[in-house]
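Structural overview
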Amino acid sequence: MTHVITEHPYFGVFVLFALTAVAFPATLMLARFVSRKLAKLDTEKLKLTIYECGPEVTKQPNTISAQFYLIALLFILFDVEIIFMFPWAIDFKLLGWFGFAEMILFILLLAIGFVYAWKKGALEWHSIK
């Protein structure tokens, strides 16, 4: 064997990458373990006490409507798909009629998805009351 693998010019980079891939999760797990051991777990009474003045604090469940997440997901979905139109607009002349037909199909699929979400009521904000 005349060629040793450690003589590759990127071997050191690979070793550092491998060490980082092991050290980072290990550090996170160690920090989580230490923080859980050092944390005070009896602070619930302090959180429910009155600060200077005001009504008695009552513990209520923190409920966020799933509708919020659905609208956020739809926003991200349509926003990312609109971003795909910028490279098409830049190379519009280069792509010709084929590129135009492809983009019309893409916009049609977006419109179908939008109408479907609208008909299902995904874009209506429901009251939490």
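About the cut-offs
- Residues numbered from 1 in each chain as written.
- Predicted model: local features only at pLDDT ≥ 70, side-chain atom pairs only at ≥ 80, totals over all residues.
- Heavy atoms only, no water.
- Helix = DSSP H or I, 4+ residues; strand = E, 2+ residues; numbered from the N terminus.
- Buried < 20%, exposed > 50% of the residue type's maximum accessible area, 1.4 Å probe, protein only.
- Contact = heavy atoms within 4.5 Å.
- Areas by Shrake-Rupley, 256 points an atom, 1.4 Å probe, with all protein chains shown as cover.
- Expected span 1.5 Å × (residues − 1).
- Arc of directions from axis to C-beta.
- Phe/Tyr/Trp six-rings, centres within 6.5 Å; stacked < 30°, edge-to-face > 60°.

Helices and strands together make up the secondary structure of the protein, namely five helices and zero strands. Within the protein, buried positions represent 9% of all 129 residues. If you take every contact in the protein between residues at least 6 apart in sequence, the share linking residues at least 24 apart comes to 54%. Here the protein has roughly 12300 Å² of accessible surface; of this, 73% comes from carbon and sulfur atoms.

Moving on: helix 3 (residues 66-83). The first and last C-alpha atoms of helix 3 sit 26 Å apart over 18 residues, in line with the 26 Å expected at 1.5 Å per residue. For helix 3, the full list of buried residues reads Gln-67, Leu-74 and Phe-78. In an axial view of helix 3, the angular spread of the buried residues amounts to 30°, which keeps them on one side of the axis. Residues Ala-66 and Leu-73 are exposed on helix 3 and point more than 90 degrees away from its buried face.

For the structure on display, the rule yields six aromatic pairs. Ring geometry for Phe-92 and Phe-100: centres 6.3 Å apart, planes at 75°, overall edge-to-face. The class of Phe-100 is partly exposed, set by a relative accessible area of 32%. Ring centres of Trp-97 and Phe-100 lie 5.7 Å apart, and the angle between their planes is 90°; on these two criteria the pair is classed as edge-to-face.

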